[in-house]
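Structure at a glance
Residues per chain are reported as follows:
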Amino acid sequence: MKNFYLLVAVLLFAFSISAQNQIGANPSFAALDMAGQKVDTNELKGKVVVLNLWFINCPNCVEEIKMLNALVDQYKDNNNVVFLGLAASRKPDLEKFFIKNPFKYRNIPNATMIIISKFGTPDKSGELSVPFPMHYVLDREGKIVTKAQGIKGIEAVRAELAKQFPKSGGSD
């Protein structure tokens, strides 16, 4: 009977985890960015939040940084959009990496637990996995409206931002 309750608890946890990264979900979290400033998605309600899940040893993640920087530049005058990078890399490693690879997203180091707990999806064996790079757009209520993987996902983010800010072309 004890094993039964354990199995039910694990299944409920896996279900709650997988439900958090689906369209319409609200994956709220709070963490410190590279400058030690608190980032709380609940405090960002009213703004559109663009998330990039990545790490420095991911070739596709590194390859798309220039495209993501261009997206930030396009919306630099818009105070209603926030670009956050959830990095599954340590802060000292990111500091070294950013010297040669500037990344204009506001990055949160050591974000592995946030990535797994808020965006992980259980596979067939029950292990949580996250494909990298991964992009999410949260609407002004903090709900996921776009979820897309890889470099192709940047176009999905761009299209969602155009929908969120139809007349602005970047500024609001």
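The structure this text deals with has already been given above.
Here's a quick rundown of the structure. Note that this is a predicted model, so its numbers are computed, not measured.

Points about the side chain of Asp-40
Mapped onto the elements, Asp-40 comes out in strand S2 (residues 38–40). The class of Asp-40 is buried, set by a relative accessible area of 14%. A distance of 2.8 Å separates a polar atom in the side chain of Asp-40 from the backbone nitrogen of Asn-42. Residues within four places of Asp-40 in sequence aside, it is in contact with Phe-29 and Ala-30.

Some details on the environment of Lys-45
Within the secondary structure, Lys-45 sits in the loop between S2 and strand S3 (48–54). Lys-45 gets classed as partly exposed once you look at its relative accessible area, which sits at 39%. Along the chain, Lys-45 and Arg-140 lie 95 residues apart, while their C-alpha atoms are 5.3 Å from each other. Residues in contact with Lys-45, not counting those within four places in the same chain, are Asn-26, Arg-140, Glu-141 and Gly-142. Here Asn-42 takes part through its side chain, which lies 3.2 Å from a polar atom of the side chain of Lys-45.

Looking at the state of the cysteines
According to the stated counting rule, one finds one disulfide in the structure shown. Residue Cys-58 pairs covalently with Cys-61 via a disulfide, S to S 2.4 Å. Because the sign of the S-S torsion sets the handedness, a value of about 75° for the bond joining Cys-58 and Cys-61 places this disulfide among the right-handed ones. In this structure, Cys-58 and Cys-61 share a single accessibility class: buried.

Describing the side chain of Asn-69
Structurally, Asn-69 is set in helix H3 (residues 65–74). Beyond its immediate sequence surroundings of up to four residues, Asn-69 is in contact with Pro-102, Phe-103, Lys-104 and Tyr-105.

Some thoughts on the pairing of strand S9 (residues 144–149)
Where strand S8 (residues 134–138) and S9 come together, five bridges link them in antiparallel fashion. Bridge pairing in S9 links His-135 to Ala-148. Joining the antiparallel neighbours S8 and S9 is a turn of five residues, in which Gly-142 adopts a positive phi near 85°.

What counts as what
Residues numbered from 1 in each chain as written. Predicted model: local features only at pLDDT ≥ 70, side-chain atom pairs only at ≥ 80, totals over all residues. Heavy atoms only, no water. Helix = DSSP H or I, 4+ residues; strand = E, 2+ residues; numbered from the N terminus. Buried < 20%, exposed > 50% of the residue type's maximum accessible area, 1.4 Å probe, protein only. Polar contact = N/O pair within 3.5 Å; in protein donor to acceptor, adjacent residues only side chain to side chain. Contact = heavy atoms within 4.5 Å. Disulfide = S-S within 2.5 Å. Pairing = 2+ DSSP bridges.

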